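Here are the chains, one letter per residue:
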Amino acid sequence: MDLRFVLDPDLTPELREQIIALWVDVTNAGGAVGFVAPVTADKVRPLATATLDEIADGPDRLLAGYEGDRLVAVLVIADNRFHLKTHWRVLKRVMVHPGTQGRGYGAALMREAERIARGLGLAALHVTVRDGLGLDRFYKRLGYREVGRLPGALRLSPTDARDEILMWRDLPTSCS
């Protein structure tokens, strides 16, 4: 089945709960989206609420991916909130439901975010990646390059600190 995208869907209470459930499922399957497994909806809800409120109140944007009527993918296109950085955005909370992985949905989600960014006239996209999961290889295949690394910046436990990898994707215009 194809993935259908919706930019800035209405953040109904039902959609908010679907996003929280997706966040929990992704985290508990080993995804690097701000938590370490195991998590529950109660643990995710405060951060999800704050994130979704920043979308509802602007200027952040939500890109949702649906398989039929089922939410299976999301990402946040986050504004930098700084006038010297209006030409690029940060992609946050890039999530694809674990039960749909291997179907190309992650790449499709990222390509759609790139299409939207180009439509907004943006020059680049940035994403941060937790080291140790091979996620940097996924982003490199999509044209992102590593531009920096913060050693041990992510402390998953007292004995597990991971690098945070900074990745960048230029979005040259067709005139460039």
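All values derive from a computational prediction rather than experimental measurement.

Scoring rules and cut-offs
- Residues numbered from 1 in each chain as written.
- Predicted model: local features only at pLDDT ≥ 70, side-chain atom pairs only at ≥ 80, totals over all residues.
- Heavy atoms only, no water.
- Salt bridge = Lys/Arg side-chain N within 4 Å of Asp/Glu carboxyl O.
- Helix = DSSP H or I, 4+ residues; strand = E, 2+ residues; numbered from the N terminus.
- Buried < 20%, exposed > 50% of the residue type's maximum accessible area, 1.4 Å probe, protein only.
- Core = buried A, V, L, I, M, F, W, Y, C linked by side-chain atoms within 4.5 Å.

(A) Fine view of the pattern of salt bridges. Enumeration according to the criterion identifies 16 salt bridges in this entry. For Arg45, the salt bridge is made with Glu17, and the minimal N-O distance between the two is 2.7 Å. Of this pair, Arg45 sits in helix α2 (residues 41-56) while Glu17 sits in helix α1 (residues 13-28), placing them 28 residues apart in sequence. Look at Arg45 and you get partly exposed, because its relative accessible area is 27%. Residues Asp60 and Arg81 are paired through a salt bridge, measuring 3.0 Å at the closest nitrogen-oxygen approach. Of this pair, Asp60 sits in the loop between α2 and β2 (61-67) while Arg81 sits in the loop between β3 (70-78) and β4 (88-96), and the two are 21 residues apart along the sequence. Where salt bridges share partners, they join Asp131, Glu146, Arg149 and Asp163 into one cluster.

(B) Looking closely at the nonpolar core. Within the largest apolar cluster, 27 residues are counted, with the highest numbers of intra-cluster contacts made by Ile19, Trp23, Val44, Leu71 and Val74. Going through the elements one at a time, α1, α2, β2, β3 and β4 are the ones with two or more residues in this core. In terms of residue count, α1 provides more of this core than any other element does, seven residues in total. By size, the runner-up hydrophobic cluster in this structure holds 26 residues, among which are Met110, Ala113, Tyr139 and Met167.

(C) Local environment of unusual backbone geometry. Geometrically, the link from Ala37 to Pro38 is a cis peptide bond, its omega value of 0° lying close to zero. With respect to the helices and strands, Pro38 occurs in the loop between α1 and α2.

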